[in-house]
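Read off the chains here:
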Amino acid sequence: MTETRAGLNKNRNKKWNQDVPSGKDAPIGVFDSGVGGLTVVREIMRQIPNEKIIYFGDTARVPYGSKSQETVTRFSEQIVRFLQTFHVKTIVVACNTASAYAMDALEQDCDIPIIGVVKPGARMAAEVTRNGRIGVIATEATINSQIYTQYIQELNQNVTIYGKACPLFVPLVEEGLLEDPVTDEIARRYLTELIDIDIDTLILGCTHYPLIRSTLGRIMGPNVTLVNPAYETARELRQMLKQMNLLNQEPPKLGSNRYQFYVSDKAEKFMNFANSIIKYGILSAKTIHIEKY
Ligand code: DGL
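Bear in mind that the values here come from a model prediction, so they are computed numbers and not experimental data. (Residues numbered from 1 in each chain as written. Predicted model: local features only at pLDDT ≥ 70, side-chain atom pairs only at ≥ 80, totals over all residues. Heavy atoms only, no water.)

Surrounding the ligand, one finds D32, S33, V62, P63, Y64, G65, C95, N96, T97, T139, C206 and T207. Note that an oxygen atom of the ligand is positioned 2.6 Å from one of the side-chain N or O atoms of S33. At a separation of 2.6 Å, an oxygen atom of the ligand approaches a polar side-chain atom of T97. Coverage of the ligand by the protein chains reaches 99% of its 290 Å² of free accessible surface. Grouping the amino acids of the shell around the ligand by side-chain chemistry returns five nonpolar, six polar and one charged. (Near = heavy atom within 4 Å. Polar contact = N/O pair within 3.5 Å; in protein donor to acceptor, adjacent residues only side chain to side chain. Areas by Shrake-Rupley, 256 points an atom, 1.4 Å probe, with all protein chains shown as cover. Nonpolar A, V, L, I, M, F, W, Y, C, P; charged D, E, K, R; others polar.)

Structure below.
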């Protein structure tokens, strides 16, 4: 059974303070269980190009999607502590599973703004549905948490949400099988029941799914709107930074290490995948020992 948030929040210690105040010029911290969060980084780079980014991918402990809430929360808290060492001005939880399981705990502990990918995706889906039938595809953990259902129904009680865990999509994407008959076949099997119940909106509730968006779109057909939480998150992040007067107006100075990437396992493997997603070029990635934080 899924553990309750309240249960995990007891004994939580005070807020994590940053000893140096972070302003407009400070970087944005982004994290994910591995490489998938780069779909969110890519959107941030496109939509708010003046920002510096510190990315952490937990490549040693991926996947999060099959782990318990307690474990995912502990991992997320370590990563947030690591990102805080860079005096980031905000943190983006790019992982849907971490957003589903750990947001409450992180928000409670963190004294800088923190944004997950679930709420922005849920808001957009609630807005665009016409027939009130929304599908969510995601990891097992995200589906079991019912978090998308909860957020969407807070916005509109007359909407029905159908969740479908699609655990094979992550390995297929990581194997580079983005346009492949195998991915097509698996996608058809997963999506048939959502097609049969006539959803008109589908949330791509996992970091990897935007990378097979064209396959998913082709199978669902032209009448189904695909919602990409990565895109929506970057949009809301921009709005939030603007409202808080934290949006960087000028591009970072040359040589200021604009984008930095950290991982918990081999950097080389991460770089290969990363460079296939982010065309701006990831110059280097560093391995760190995340259990220390
Ligand atoms: N990043 C995860 C998510 O968005 C997918 C990979 C994993 O299971 O860790 O839910």
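Applying the stated rule across the entire model yields 14 salt bridges. The closest approach of N and O atoms between K52 and D25, which form a salt bridge, is 3.7 Å. Here the residue K52 occupies a position in the loop between helix 2 (38-47) and strand 2 (53-57), and D25 occupies one in the loop between helix 1 (5-9) and strand 1 (28-32), the gap between them amounting to 27 residues. Residue classification places D25 among the partly exposed residues on the basis of a relative accessible area of 49%. (Salt bridge = Lys/Arg side-chain N within 4 Å of Asp/Glu carboxyl O. Helix = DSSP H or I, 4+ residues; strand = E, 2+ residues; numbered from the N terminus. Buried < 20%, exposed > 50% of the residue type's maximum accessible area, 1.4 Å probe, protein only.)

Among the five residues of strand 9 (residues 259-263), five are classified as buried, and the element is accordingly described as predominantly covered. Where burial is concerned, the two faces of strand 9 agree: the one with Y259, F261 and V263 and the one with Q260 and Y262 are both buried. Direction of pairing for strand 9 relative to strand 10 (residues 285-287): parallel, over a ladder of three bridges. Within strand 10, the position partnered with Y262 by the bridge is K286. (Pairing = 2+ DSSP bridges.)

Moving on, we get to helix 11 (residues 229-243). Taking 1.5 Å as the rise per residue, helix 11 with 15 residues should run 21 Å; its terminal C-alpha atoms sit 21 Å apart, in good agreement. Measuring from the backbone nitrogen of A230 back to the side-chain oxygen at the start of helix 11 gives 3.0 Å, which picks out N228 as the cap. A positive phi of about 60 degrees marks N245, the residue just after helix 11. (Expected span 1.5 Å × (residues − 1).)

As summarised here, the arrangement of the six strands in space is 4-3-1-2-9-10, forming an open sheet in which the pairing is parallel. Only two strands of the sheet have a single neighbouring strand rather than two, namely strand 4 (114-116) and strand 10. In this sheet, neighbouring strand axes are inclined to one another by 20 degrees on average, regardless of whether the strands run parallel or antiparallel. Examined bridge by bridge, strand 1 and strand 2 share five bridges and lie parallel to one another. If you follow F31 over to strand 2, its bridge partner there is F56. Sheet contacts for helix 11: strand 1, strand 3 (90-93) and strand 4; angle to strand 3, the most-contacted strand, approximately 165 degrees. (Axes fitted to C-alpha atoms, helices over the stretch in contact; angles between N-to-C directions. Contact = heavy atoms within 4.5 Å.)

Let us now look at the nonpolar core. By size, the foremost hydrophobic cluster in this structure holds 57 residues, and its most contacted members are L38, I44, I137, F169, L202 and L216. Here this core takes six residues from helix 12 (residues 267-277), the largest share from any one element. Setting aside anything within four residues of it in sequence, one finds L202 in contact with G135, V136, I137, L191, L194, M220, V224, T225, L226 and V227. Within the second largest apolar cluster, 26 residues are counted, among which are I54, F56, V72 and V88. (Core = buried A, V, L, I, M, F, W, Y, C linked by side-chain atoms within 4.5 Å.)

Taken as a whole and judged by the stated rule, the model has eleven aromatic pairs. Judged by centre distance (5.1 Å) and plane angle (70 degrees), the rings of F82 and Y293 are edge-to-face. One end of the pair, F82, is in helix 3 (residues 69-84); the other, Y293, is in the segment after strand 10, with 211 residues separating them in the sequence. On the basis of relative accessible area, Y293 is assigned to the partly exposed category, the value being 27%. (Phe/Tyr/Trp six-rings, centres within 6.5 Å; stacked < 30°, edge-to-face > 60°.)

This part covers the layout of surface pockets. Considered as a void within the structure, the largest pocket measures approximately 460 Å³ in volume. Sort the elements by how many residues they give to the lining of the largest pocket and helix 12 lands first, with six residues. Tallied by class, residues from the lining of the largest pocket come to nine nonpolar, five polar and seven charged. (1 Å grid on protein atoms, 1.4 Å probe; cavity = no way out; pocket = protein on both sides within 12 Å on 5 of 7 lines; lining within 4 Å. Points joined across faces, edges and corners; volume = space filled by probe spheres on them.)

Before going further, it helps to examine empty space enclosed by the protein. Scanning the entire structure with this criterion turns up one cavity of 30 Å³ or more. Its boundaries defined by the atoms lining it, the largest cavity holds a volume of some 40 Å³. Elements with a contribution of two residues or more to the lining of the largest cavity: helix 2 and helix 11. Per-class residue counts for the lining of the largest cavity are eight nonpolar, four polar and no charged.

The next subject is the confidence of the model for the protein chain. Put simply, the protein chain has an average pLDDT of 91, and 91% of its residues get 70 or more. Under a pLDDT of 50 for its full length, residues 1-14 has, in the predicted model, 25 contacts with residues more than four places off or in other chains. Confidence drops under pLDDT 50 across residues 16-21; counting only partners more than four residues distant or on other chains, this segment forms 16 contacts. (pLDDT = per-residue confidence, 0-100.)

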